[in-house]
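# Remarks on the overall topology
For reference, the chains in residue letters:
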Amino acid sequence: MSKKNREKRASEVESPAGAGGGGMAWLPTVLALGALGLAFVAWTDAKRTRDELTKRIVSIDQRLIQTQTQVASARPKPPQQQGPDPSKVYTVRLDGSPYRGNPTAPIVIAEFSDYQ
Amino acid sequence: MYGDKVRIVWKNLPLPFHPNAMPAALAAMAANEQGKFWEMHDKLFANQQALGRDAYLRYAKELKLDLPRFTRALDGAKYKAQIEADTADARSLGVTGTPGFFVNGRFLSGAKPFEAFAEVINAELKRLNLPIPPGAPAG
């Protein structure tokens, strides 16, 4: 075996190690890519969760508004809005009722009331 | 200030959840039989916290009413029927609370400030081509 050959062999022998070193060079890239991939998956996952939560909050808000509207409409209206229509003219039976003032007055006020 | 322009008519509406309202209304109607309705009305109003049979008889005595006659009217069916007829009128008109007023048939609910009445009264006087008395609130 010539010296040249030995050198070649040596380099061949070394080369797998060298190739191994060169081969291991992809590892950080793969790891980085993997980490990136994982980060991306985690990010999309978080985004999906966030979107779902946002959707649910919006739907809760809507249901809350609906409920409030229902409660407001179910609540009895203030007494002011009950009873006779203030824009109408009613006929009130007055015969035999106690009164004071001019019996032929142009303005007649009928008062429905009690003492308690 | 509206003087002889206004007549005020009393319609009984004793509310069912006021236990003394019906007997008090009867006392006033019993006094009305002897021409003392508003005098009794004023006493009942001034003593809303002290309504009761003893009080009605005391007021009747103070107003120098014929007491046996007053008691008969208080316990009889006649005025109870009249009060119930008033209450039925209120129901058919849609009045549910007291006081409720009709000014020439126009409804005013609750204890309103004088100006609210003046506004309706003035509008009615105008409609009837009658002068609005001096000193009446504009409206």
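Here the structure is shown first, and the text comes after it.
Only a predicted model underlies this, so the values are computations on that prediction, with no experimental measurement involved. (Residues numbered from 1 in each chain as written. Chains lettered and ligands numbered in written order. Predicted model: local features only at pLDDT ≥ 70, side-chain atom pairs only at ≥ 80, totals over all residues.)

## Considering helix H6 (residues 114–127) of chain B
- Taking 1.5 Å per residue as the helical rise, H6(B) with its 14 residues ought to reach 20 Å, and the 20 Å between its terminal C-alpha atoms agrees with that figure.
- Positive backbone phi, at 60°, marks Asn129(B), one or two positions downstream of H6(B). (Helix = DSSP H or I, 4+ residues; strand = E, 2+ residues; numbered from the N terminus. Expected span 1.5 Å × (residues − 1).)

## Section: the interface of chain A and chain B
- On the side of chain B, 48 residues touch chain A, which itself brings 32 residues to the contact.
- Counting residues per element, the ones that place at least two in the side of chain A that touches chain B are strand E1 (99–101) and strand E2 (107–113) of chain A.
- Examining the composition of the side of chain A that touches chain B, we find that seven residues originate from one element, E2(A), more than from any other.
- Tallied by class, residues from the side of chain A that touches chain B come to 18 nonpolar, ten polar and four charged.
- Sheet topology note: the E2(A)/strand E1 (residues 6–12) of chain B ladder contains seven bridges and is parallel. Pairing of Phe112(A) across the sheet is with Lys11(B), part of E1(B). (Contact = placed C-beta atoms within 7 Å. Nonpolar A, V, L, I, M, F, W, Y, C, P; charged D, E, K, R; others polar. Pairing = 2+ DSSP bridges.)

## Digging into the pairing of E2(A)
- In terms of burial, E2(A) is largely enclosed, as seven of its seven residues are buried.
- Here E2(A) shows no split at all, with Ile107(A), Ile109(A), Glu111(A) and Ser113(A) on one side and Val108(A), Ala110(A) and Phe112(A) on the other all buried. (Buried ≥ 20, exposed ≤ 12 C-beta atoms within 10 Å, placed from the backbone.)

## Comments concerning helix H1 (residues 21–32) of chain B
All names here are of chain B.
- With twelve residues, H1 ought to run about 16 Å at 1.5 Å a step, and its terminal C-alpha atoms sit 16 Å apart, in line with that.
- Along H1, the residues that are buried comprise Ala 21, Met 22, Ala 24, Ala 25, Leu 26, Ala 27, Ala 28, Met 29, Ala 30, Ala 31 and Asn 32.
- Taken together, the buried residues of H1 touch E1, helix H2 (37–46), helix H3 (53–62), helix H4 (67–75) and helix H5 (78–93).

## Details of the nonpolar core
All names here are of chain B.
- Ranked by internal contacts, the top residues of the largest apolar core, which has 22 residues, are Ala 25, Leu 26, Ala 27, Ala 28, Ala 30 and Ala 31.
- Of all elements in the fold, only H1, H2, H3, H4 and H5 reach the threshold of two or more residues within this core.
- Per-element accounting of this core gives the leading share, ten residues, to H1.
- With near-sequence residues (within four places) excluded, Ala 30 lies in contact with Phe 70, Ala 73, Leu 74 and Tyr 79. (Core = buried A, V, L, I, M, F, W, Y, C linked by C-beta atoms within 7 Å.)

## Quick word on unusual backbone geometry
Residues and elements named next belong to chain B.
- Note that the residue after Thr 98, namely Pro 99, is joined by a cis bond; omega there is -5°.
- On the secondary structure map, Pro 99 appears in the loop between H5 and strand E2 (100–103).
- Unlike most non-glycine residues, Asn 129 shows phi in positive territory, near 60°.
- You can see Asn 129 is positioned in the segment after H6.

## A closer look at the packing of H1(B) against H2(B)
Residues and elements named next belong to chain B.
- At their nearest, the axes of H1 and H2 sit 7 Å apart, and the two run at 155° to each other. Judged by the inter-axis angle, H1 sits roughly antiparallel to H2. Of the two elements, H1 crosses H2, and the hand of that crossing is right-handed. Contact residues: Ala 24, Ala 27, Ala 28, Ala 31 and Asn 32 in H1; Phe 37, Glu 39, Met 40, His 41 and Leu 44 in H2.
- Classifying every residue of the contact of H1 with H2 gives seven nonpolar, two polar and one charged. (Axes fitted to C-alpha atoms, helices over the stretch in contact; angles between N-to-C directions. Parallel < 35°, antiparallel > 145°, perpendicular 65-115°, else oblique. Left-handed = near helix turned anticlockwise from the far one by under 90°.)

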